[in-house]
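Residue-level structure breakdown
One letter stands for each residue in the lines below.
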Amino acid sequence: MDTQVAVLGASGRMGSLLGRVIDSTDGLALHAALTSSSSLEEMLGADVLVDVSRIEASEVAVPFALEHGIDVVVGTSGWDERRITQVSEAVPADRAVVFVPNFSLGSVLGTALASVAGRFFDSVEILEAHHDKKIDSPSGTAVRTAERIAASRDEPLLAPNVEQEARGQLVAGVPIHSMRLRGVVADQQVVFGGEGEVLTIRHETISQDAYVRGIRLAIAHAVSSRGTTVGLDGVLGLDGLLGRA
């Protein structure tokens, strides 16, 4: 029997992609395509909700789905550690929620590698660029990367002159600089400075095709797992390979 998938944020860029992925994947069927004008009750009867909406809608929809026996994949930006912890504490024992800041395999590998490098460099900043229709900044991927770098360290990061507005938004001690440009899909550079050297870990998304594999993996993981998984790295088992940051 096909896994019935409801999509929240179905009219957006990622929502449209999700519809195409579901239609083209054996074993998946679209149960409901929800937009900002839809009632949350339209998702009832689905096996999985994939949420790619806005944070205000997401914070309401995710608990609703879990309370009604629906597993959840969250691809909405804005879910920081505090919000994730609050939801995790309320996840029913027989349900799963998977938070995926970025569905790209290359992106999650870049974040994992950055968390390793973060142990050895005291100076780090993130530059991220997305298309001009993306309404939030910094991106969820950049926030996740900053948090993982900070968590990998024994000592906190101390960025200089962070009181200046041009220094970016400080997340877990890491300045993040966001650009929103036409012609860009997604681009993240994590720049580490050391004595006499600079290390840059960069991932660039060329097209939305980069997200297809991650979407399928995240949905399958939500169906087969229990509890909370944060990041596609958790889905892929990269925590054990590179060490949990």
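A brief look at the structure comes next. (Residues numbered from 1 in each chain as written. Predicted model: local features only at pLDDT ≥ 70, side-chain atom pairs only at ≥ 80, totals over all residues. Heavy atoms only, no water.)

1. Observations concerning the overall build of the protein chain
Scanning the protein chain for helices and strands turns up eight helices and 11 strands. Considering only C-alpha atoms, the protein chain reaches an extent of 60 × 40 × 30 Å along its principal axes. Looking at the 245 residues of the protein chain, the share that counts as buried comes to 48%. Considering only contacts within the protein chain whose residues lie at least 6 apart along the sequence, 71% involve residues at least 24 apart. Approximately 11900 Å² of the protein chain is accessible, and the part contributed by carbon and sulfur atoms is 50%. Distance between charge centres in the protein chain, computed from 20 positive and 32 negative side chains, equals 4 Å. (Helix = DSSP H or I, 4+ residues; strand = E, 2+ residues; numbered from the N terminus. Buried < 20%, exposed > 50% of the residue type's maximum accessible area, 1.4 Å probe, protein only. Contact = heavy atoms within 4.5 Å. Areas by Shrake-Rupley, 256 points an atom, 1.4 Å probe, with all protein chains shown as cover. Lys, Arg positive; Asp, Glu negative; His and termini not counted. Charge placed at Lys NZ, Arg CZ, Asp CG, Glu CD.)

2. Comments concerning helix α1 (residues 13–24)
Taking 1.5 Å as the rise per residue, α1 with 12 residues should run 16 Å; its terminal C-alpha atoms sit 17 Å apart, in good agreement. The secondary structure elements touched by the buried residues of α1 are β1 (3–8), β2 (28–34), β3 (48–51) and α6 (212–224). (Expected span 1.5 Å × (residues − 1).)

3. Description of a nonpolar patch on the surface
A grouping of Leu105, Leu109, Leu217 and Leu236 is seen on the molecular surface, where their side chains present a nonpolar patch of about 260 Å² in accessible area. Inspection of the secondary structure assignment puts leucine 109 in helix α4 (residues 105–117). (Patch = residues over 30% accessible without salt bridge, like charges linked within 9 Å, V, L, I, M, F, W, Y side chains within 5 Å. Salt bridge = Lys/Arg side-chain N within 4 Å of Asp/Glu carboxyl O.)

4. Notes on the sheet that holds β3
Within the open sheet, the six strands sit side by side as β2-β1-β3-β4-β5-β11. Their pairing is parallel. Because the sheet does not close on itself, it has two edges, and the strands there are β2 and β11 (227–230). If you compare each strand with its neighbour and ignore which way they point, the axes differ by 20 degrees on average. Note that β3 and strand β4 (residues 71–74) share four bridges and pair parallel. Across the sheet, residue leucine 49 finds its bridge partner in β4, namely valine 72. With respect to the sheet, helix α2 (residues 55–67) is in contact with β1, β3, β4 and β5 (96–99), its orientation differing from that of β4 by roughly 155 degrees. (Pairing = 2+ DSSP bridges. Axes fitted to C-alpha atoms, helices over the stretch in contact; angles between N-to-C directions.)

5. Comments concerning the pairing of β3
The two faces of β3 match: Val48 and Val50 on one face and Leu49 and Asp51 on the other face are all buried. When β1 meets β3, the two strands line up parallel, connected through four bridges. Considered in β3, the bridge of alanine 6 is made with leucine 49. Assessed by its sense of winding, the connection that carries the chain from β3 through α2 to β4 is right-handed. (Right-handed = clockwise from strand over helix to strand, strands pointing away.)

6. Remarks on the packing of aromatic side chains
For the coordinates displayed, the defined rule picks out two aromatic pairs. Geometrically, the ring pair formed by tryptophan 79 and phenylalanine 99 is tilted, given 5.2 Å between the ring centres and 50 degrees between the ring planes. Here the residue tryptophan 79 occupies a position in the loop between β4 and α3 (81–88), and phenylalanine 99 occupies one in strand β5, the gap between them amounting to 20 residues. Since its relative accessible area comes to 3%, phenylalanine 99 is described here as buried. Measuring from centroid to centroid gives 5.6 Å for phenylalanine 121 and phenylalanine 192, while their planes differ by 45 degrees, and the two rings are tilted. Of this pair, phenylalanine 121 sits in the loop between α4 and β6 (123–130) while phenylalanine 192 sits in strand β9 (residues 186–194), placing them 71 residues apart in sequence. An identical accessibility class is assigned to phenylalanine 121 and phenylalanine 192; each is buried. (Phe/Tyr/Trp six-rings, centres within 6.5 Å; stacked < 30°, edge-to-face > 60°.)

7. Concerning the side chain of threonine 229
Locating threonine 229 in the fold gives a position in strand β11. Residue classification places threonine 229 among the buried positions, given a relative accessible area of 12%. Residues within four places of threonine 229 in sequence aside, it is in contact with Val97, Val98, Phe99, His221, Gly234 and Val235.

8. Considerations on the packing of α1 against α6
The N-to-C vectors of α1 and α6 enclose an angle of 70 degrees; their axes lie 10 Å apart at closest approach. On the basis of the axis angle, α1 is roughly perpendicular to α6. Judged by residue contacts, Met14, Leu17, Leu18, Val21 and Ser24 of α1 engage Val212, Ile215 and Arg216 from α6. Among the residues forming the contact of α1 with α6, the class breakdown is six nonpolar, one polar and one charged. (Parallel < 35°, antiparallel > 145°, perpendicular 65-115°, else oblique. Nonpolar A, V, L, I, M, F, W, Y, C, P; charged D, E, K, R; others polar.)

In short, shape yes, function no, at least from these values alone.
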